[in-house]
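# Commentary on secondary and tertiary structure
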Amino acid sequence: MSPSLVVLVVVGLVLVLVVAVLVPAVVASAVVRRGGARPAPGAGVSGTGGADLDPGRLDAGSGEPPRPVAEPVRVVGARQRLESVVVAPRVSADEASSALEHARAEAAVARAEAAAARASAERVLDDARQAAEVLTERARVLAETEATAAREAARRTSEREAEQIAESARRLAAEVDRREARLVEREERIDAEQHRTEQRDRELARAEAGLARREEAVADLERAYQAELERVGGLTADAAKAELVRTIETQAKREAALRVRDIEAEARETGEGRARHIIVDAIQRVASEQTAESVVSVLHLPTDEMKGRIIGREGRNIRTYESVTGVNLIIDDTPEAVLLSCFDPVRREIGRLTLEKLVLDGRIHPHRIEEVYELSKAQVGELCVRAGEDALVEVGVTEVHPELVALLGRLRYRTSYGQNVLKHLVETAHIAGLMAAELGIDGRVLKRGAFLHDIGKALTHEVEGSHAIVGADLARRYGEDEDVVHAIEAHHNEVAPRTIEAVLTQAADACSGGRPGARRDSLETYVKRLERIEEIASTRPGVERVFAMQAGREVRVMVSPDDVDDLGAQVLARDVAQQIEDELTYPGQIRVTVVRESRATEVAH
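Residues numbered from 1 in each chain as written. Predicted model: local features only at pLDDT ≥ 70, side-chain atom pairs only at ≥ 80, totals over all residues. Heavy atoms only, no water.

### Concerning the overall build of the chain
When helices and strands are counted, the chain shows 17 helices and eight strands. Buried positions account for 33% of the 605 residues belonging to the chain. Considering only contacts within the chain whose residues lie at least 6 apart along the sequence, 64% involve residues at least 24 apart. Carbon and sulfur atoms form 55% of the exposed surface of the chain, whose accessible area is close to 37,800 Å². (Helix = DSSP H or I, 4+ residues; strand = E, 2+ residues; numbered from the N terminus. Buried < 20%, exposed > 50% of the residue type's maximum accessible area, 1.4 Å probe, protein only. Contact = heavy atoms within 4.5 Å. Areas by Shrake-Rupley, 256 points an atom, 1.4 Å probe, with all protein chains shown as cover.)

Okay, structure coming up:
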């Protein structure tokens, strides 16, 4: 409530109190004055014969005169006694006089009481005025206090706003300084680049000057040669004939070379147009999807309580799962879902199937995890064989060795620059078949070579050498035709192509990998870096398994406890970290963790 409203309420209460006290006092005073102005009853009886108390005005029924409405009690009593005196003629004059005196005394008492009431009302009014003044003063003090508090709050608010504005100004000034520093750095880089450009221009000018000098030297040599020929013009006929033959032969070779160059240019122009037509037609007739690969799989859970069971007591279940499968298990706030991260898609699929079976079974403990992992590994192997057979049926290639079929199925889970390798092989085989049909050649060898050209990628770093050479060795080992083997080993020019099938395999591979949306270089670079990290650690003696985890920021090396002791584990971790630091380029840091675990197992009979 505001101070002004408090003052108004107090003043209103005082006025109501004053009115309540003064109104009864005023009414009583008026009644007393009316009672005192009447003639005394005794006077009327003795002097005038009772003119004021006319018997004719008495009520005929009761014998009582009419009474005033608001007379005081004492006045009414006196009047009744006077009337009784008038009515009863037997009352003596002395009694009437004493009654009159008694009435006068009562009227004086009433006037005194009225005066006392007026004095009391005045005192109450004074007290009310004083109370109003006190309340007004208190309201004023309260209003001043609240105004002071409001001013203080406003001052503090303004100070805070001033501090915020100053802080914003400081941040803006710091941002301006950073931008100015970046601009200065950029200008320095531009100046340095301009300086290097000018230096290259000067070097190019010097090279052009040197070339001009060499051309002048060649011209001088030619002129000297002509002069020497003129000087030796007096040779014998055989010598002159031989010299003439050599000169004509040189000119003929030059003209033949010019003619061959013109023919090759014409053939190249015609051939490029024809090749473009064949390639465009083949690509248009092959419907392929865009690349969409990821290193993360999502597994949905029936309830969020399952996350706690997956983690296990003190995290033993999740540690066992990651060490057995080599898959990084990410459990976050995502409702009813967990993430499985691994750069190796085959390993990630095995881990996904393992965790899915464990969730469905409900029994999650370290020994059960190892059992389910072996079952899932066998199941993924069967899925690979089935995928390879489906791809062979789609392409139309038959009589392939079962081991090659299994390796082809593993390519279903591998990528090359973000492109699924098995789909890339199918697409390349279709393109090669269309090219063979356009050129009118037998396409069976071509389609087979194009379909198997990346079979070496199924072995990753398990075998030394490029995937083209490794794939050719696999094909030769499992009885493929030599033309098919040559097409495989020559598709990256590591071996010079000698057949039309090898050349067309290169063209079909380039068409499949170079079409828009087919590949992503970043994912392939990332995967190759992780494969190299695992390869560096796996070549060390005593290493059983190597897992690159946490997007390549951690390498877990499982060693045999019989071959590597605790000191050797420390040395192995330092050597692996040093080799990774020397050979690879990567952001941040890579932690190398060597795990040496000893197990004691007994069977209770």
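### Quick look at the confidence of the model for the chain
Atom-level detail of predicted coordinates should not be read off regions where pLDDT is low. With 74% of its residues at a pLDDT of 70 or more, the chain has an overall mean of 76. In the model, residues 85–91 has pLDDT below 50 throughout and makes six contacts with residues more than four positions away in sequence or in other chains. Here residues 284–293 is modelled with pLDDT under 50, and outside its nearest four sequence neighbours on either side it reaches 26 contacts, counting other chains as well. (pLDDT = per-residue confidence, 0-100.)

### Brief notes about the nonpolar core
Core analysis: the biggest nonpolar cluster contains 28 residues, and Leu392, Leu407, Leu408, Leu411 and Phe451 have the highest contact counts within it. Secondary structure elements with two or more residues in this core: α9 (366–395), α10 (402–410), α11 (421–439), α13 (467–477) and α14 (482–489). For this core, the element with the most residues is α11, which contributes five residues. With sequence-adjacent residues up to four places away left out, Leu408 is seen in contact with Gly388, Leu392, Leu422, Leu425, Phe451, Leu452 and Ile455. Core analysis: the second largest hydrophobic core is formed by 23 residues, Ile536, Ala548, Val576 and Ile590 among them. (Core = buried A, V, L, I, M, F, W, Y, C linked by side-chain atoms within 4.5 Å.)

### Quick notes on the side chain of Asp509
Among the structural elements, Asp509 can be located in helix α15 (residues 500–514). In terms of polar contacts, Asp509 uses its side chain to reach the side chain of His424, at 2.8 Å. (Polar contact = N/O pair within 3.5 Å; in protein donor to acceptor, adjacent residues only side chain to side chain.)

### Looking at the pairing of strand β3 (residues 337–341)
In terms of burial, β3 is a largely internal element, four of the five residues being buried. Counting the residues in the hairpin turn of strand β2 (residues 328–330) and β3 gives six residues, including Glu336, whose phi is positive at 55°. (Pairing = 2+ DSSP bridges.)

### Re the sheet that holds strand β6 (residues 543–549)
Read across the sheet, three strands follow the order β6-β7-β8 without closing on themselves; strand pairing throughout is mixed. Each having just a single partner strand, β6 and β8 (591–596) make up the two edges of the open sheet. The mean inter-strand angle of the sheet, taken between neighbouring strand axes irrespective of direction, is 20°. Looking at chain direction, strand β7 (residues 554–559) and β8 are connected through six bridges and run parallel. Bridging across to β8, Glu554 finds its partner in Arg591. (Axes fitted to C-alpha atoms, helices over the stretch in contact; angles between N-to-C directions.)

### Concerning the packing of α13 against α14
Taken N-terminus to C-terminus, the directions of α13 and α14 make an angle of 165°; their axes are 8 Å apart at the nearest point. Of the possible angle classes, the one that applies to α13 and α14 is roughly antiparallel. For the pair α13 and α14, the crossing hand works out as right-handed. Contact residues: Ala468, Ile469, Gly471, Ala472, Ala475 and Arg476 in α13; Glu482, Val485, Ile488 and Glu489 in α14. Each residue belonging to the contact of α13 with α14 can be placed in one class, and the counts come to six nonpolar, one polar and three charged. (Parallel < 35°, antiparallel > 145°, perpendicular 65-115°, else oblique. Left-handed = near helix turned anticlockwise from the far one by under 90°. Nonpolar A, V, L, I, M, F, W, Y, C, P; charged D, E, K, R; others polar.)

### What about the environment of Val503?
Of note, Val503 is situated in helix α15. Judged by its relative accessible area of 38%, Val503 is partly exposed.

### A look at unusual backbone geometry
Although it is not a glycine, Glu314 sits at a positive phi angle of roughly 55°. Mapped onto the secondary structure, Glu314 falls in the loop between α6 (305–311) and α7 (316–325). In this structure, Asn493 is a non-glycine residue whose phi angle is positive, near 60°. The residue Asn493 is located in the loop between α14 and α15 in this model.

### So, the pattern of salt bridges
Counted under the stated rule, the structure contains 31 salt bridges. The residue Glu159 makes a salt bridge to Arg155 at a minimum N-O spacing of 2.5 Å. Of this pair, Glu159 and Arg155 both sit in helix α4 (residues 93–231), four residues apart, which is roughly one turn of the helix. Classification of Glu159 by relative accessible area gives partly exposed; the value is 38%. (Salt bridge = Lys/Arg side-chain N within 4 Å of Asp/Glu carboxyl O.)

### Some details on the pairing of β7
When you tally the buried positions in β7, you get six out of six residues, the bulk of the element. Burial along β7 is two-sided: the face carrying Glu554, Arg556 and Met558 and the face carrying Val555, Val557 and Val559 are both buried. In this structure, β6 lies alongside β7, joined through six bridges in antiparallel fashion. Across the sheet, the residue bridging to Ala548 is Val555, located in β7.

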